[in-house]
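A look at the structure
Listed below are the residues making up each chain.
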Amino acid sequence: MEYFEQHQGSERTILVSVSVQQLDDLDAEEFHLLAESAGAEILEHVTAQRIRPDPKLFIGSGKAEEIAALVQDLEASLVIFDHSLTPAQARNLEKIMQCRVVDRTELILDIFAQRARTYEGKLQVELAQLQHLSSRLVRSRSNLDSQKGGIGLRGPGETVLETDRRLLRIRMGQLKTKLDKVRQTRMQGRVARQKAAVPTVSLVGYTNAGKSTLFNILAKSDVYAADQLFATLDPTLRRLEWDGIGRLVLADTVGFVRNLSHSLVESFKATLEETLEATLLLHVIDSSSPDMLEQIEAVESVLKEIGVNVPVLRVYNKIDLSGEDAKIVYAKPHLPDRVYVSAHSQQGLDLLRQAVQECLMGQMQSFELVLRPAYGKLRTQLYALNVIQSENYDNVGNLHLHVIIAPQKLEQLIKQAHLPIDEILGHKAAQFERPLEEFEIKR
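Note that residues are indexed from 1 along each chain, following the sequence as it is written. The predicted origin of the model limits local features to residues at a pLDDT of at least 70 and limits the giving and counting of side-chain atom pairs to 80 or more, whereas totals for whole chains, interfaces and linings rest on all residues. Computation of side-chain values: all heavy atoms of the structure, hydrogens and water removed.

Once that is clear, we can look at a positive patch on the surface. On the surface, a cluster of positive charge is contributed by Arg91, Lys95, Arg165 and Arg169. For helices the rule is a DSSP run of H or I covering at least 4 residues; for strands it is a run of E covering at least 2, with both sets numbered from the N terminus onward. Where the positive patch is concerned, the elements lending two or more residues are α3 (87-97) and α6 (160-195). Residue position: Arg165 is located in helix α6. Taking relative accessible area as the criterion, Arg165 reaches 34% and is therefore assigned partly exposed. Only residues whose relative accessible area exceeds 30% and that form no salt bridge are eligible for patches; like-charged ones are grouped when within 9 Å, while nonpolar side chains (Val, Leu, Ile, Met, Phe, Trp, Tyr) are grouped when within 5 Å. Accessible surface area values rest on a Shrake-Rupley calculation with a 1.4 Å probe, where residue burial reflects the displayed protein chains alone. Only one rule defines a salt bridge in this text: a Lys or Arg side-chain nitrogen within 4 Å of an Asp or Glu carboxyl oxygen. Two residue types count as positive, namely Lys and Arg, and two as negative, namely Asp and Glu; His and chain ends fall outside the count. Every charge is mapped to an atom, namely NZ of Lys, CZ of Arg, CG of Asp or CD of Glu. A simple rule labels every residue: compare its accessible area, found with a 1.4 Å probe on the protein chains alone, to the largest value its type can have, and call it buried under 20%, exposed over 50%, or partly exposed in between.

In structure tokens form, the structure reads like this:
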């Protein structure tokens, strides 16, 4: 049984925005972008104001008749509301307008369906669609109460509508089982990374803020990036080597928008779990957007809803458009709060790498190390981190290294190699206010 019609090409569409005092403010430009991303041909954008939504039509009957007349005059086949509609409101509006009526949630789901590429992404989209459909499963035929008949099925039986709902529940159960297996696979990967002390840095942010472009530059990857909403839906992970840190996993996640319904957040929780288990979040912000503050609030609201409790570094992107200078702003000494960059022109990316390093490992400091010939593995690890500034040998064959590295990372390497810290650092350990062993890697 097919529950969704696949519409090819652009649809002649009328957009409807209603400014309701009890609801959140709307963004007309974003609504247009969402509709265009779904492939709509926008004929008209109707706006209205109300104190509260009408329980039957969301808008008043007069406005509904006005839009119905527009549908006829412009030969529109679709009306999209920039709001969440109840099943009854959607049905009543369709009866008056004699065309399909789609709300904001259905619009976003349609975009997600177009963007999903991976097995996991397609599962999540289908589950979200079925969950949304389950409360709207009403057929336009007049025989809603007809019984299924036939040999062996006479008597009370099931109505056609009840059968469809039962099939929906079965399919949703199958999808949830498959997604649980995906979550278990992801969890195993996260546990392995945690055991290996590999930090994970997740990029989050408002859709079209430039996350994927930044991800591609940092990870030297080829994730699809475009100037459109929800260009990236599926989470993408890349392992890379980061100077001063070593191995690091970088994750790109789905973008957020305002008024993202709770059901959508729940359906895509498997994707968003990469943010829950991250060591550090990079909140990528479009610094050139006039709605920057509202977009920041929308992202932080979703992160709060899914229970994220992870250190956040704000990355103000697109400074080539906003006119800002590339810089790091610190909340307190050696603790970056935000960094200004441009992924497009690659301004300030060295500062971003420095800020990430400081957030994960702390301030870079200078050390003079003395390594015996048997400690060659530690030297190899330090070279891999690209932190060695110079080296030379003394008369007895010991290697003297000048390195610039975070003390937490140096402690980690020495402990993993089971080497004596005092012997390697010598009197330099006295320059710290507390012993090196007391430093902890901030996660």
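There's plenty left to go through after this.
Each aromatic pair joins two rings of Phe, Tyr and Trp (for Trp, the six-membered one) with centres within 6.5 Å, and gets the label stacked for planes under 30 degrees apart, edge-to-face for over 60, and tilted for any other angle. One pass over the full model with this rule turns up one aromatic pair. Sitting over a ring, as applied to charges here, requires NZ of Lys or CZ of Arg to be within 6 Å of the ring centre and within 35 degrees of the ring normal. Lying over the aromatic face of Tyr340, Lys327 brings its terminal NZ or CZ to 5.0 Å of the ring centre.

Attention shifts here to the packing of helix α1 (residues 28-37) against helix α4 (residues 104-115). Axis lines are fitted to C-alpha atoms, over the contacting stretch for helices. Their N-to-C directions set the angle, which ranges from 0 to 180 degrees. Put simply, α1 and α4 touch, their axes get as near as 9 Å, and they point 45° apart. Classified by the angle their axes make, α1 and α4 are oblique. In terms of crossing hand, the pair formed by α1 and α4 is left-handed. Contact residues: Glu30, Phe31, Leu34, Ala35 and Ser37 in α1; Arg104, Leu107, Ile108, Ile111, Gln114 and Arg115 in α4. Its residues assigned to classes, the contact of α1 with α4 shows six nonpolar, two polar and three charged. For classification purposes, angles smaller than 35 degrees are called roughly parallel, those larger than 145 roughly antiparallel, those between 65 and 115 roughly perpendicular, and all remaining angles oblique. Take the far helix as your reference; a near helix turned counterclockwise from it by less than a right angle gives a left-handed crossing, and one turned clockwise gives a right-handed crossing. We call two residues in contact whenever any of their non-hydrogen atoms come within 4.5 Å of each other. Each residue gets one of three labels, nonpolar for Ala, Val, Leu, Ile, Met, Phe, Trp, Tyr, Cys and Pro, charged for Asp, Glu, Lys and Arg, and polar for the others, Gly among them.

Next up on the list: α3. Those residues of α3 lying buried are Gln89, Ala90, Leu93 and Met97. Looking straight down α3, one finds its buried side chains confined to an arc of 95°; they lie on one side. If you follow the buried residues of α3, they end up packed against α2 (61-74), β3 (78-81) and β4 (100-102). Directly after α3, the chain includes Gln98, whose backbone phi takes a positive value near 55°. Here the arc refers to the directions that run from the helix axis out to each C-beta atom.

A few words now on the pattern of salt bridges. Counted by the stated rule, this structure contains ten salt bridges. Note that Arg100 and Glu11 form a salt bridge whose closest N and O atoms lie 2.8 Å from each other. Taken together, the residues span a long stretch of sequence, with Arg100 in strand β4 and Glu11 in strand β1 (residues 11-20) at a distance of 89 residues. Note on Glu11: relative accessible area 18%, which makes it buried. Note that Arg104 is salt-bridged to Asp82, the shortest N-O span being 2.5 Å. Remark: Asp82 occurs in the loop between β3 and α3 and Arg104 occurs in helix α4; sequence separation between them is 22 residues. By relative accessible area, which is 4% here, Arg104 ends up buried.

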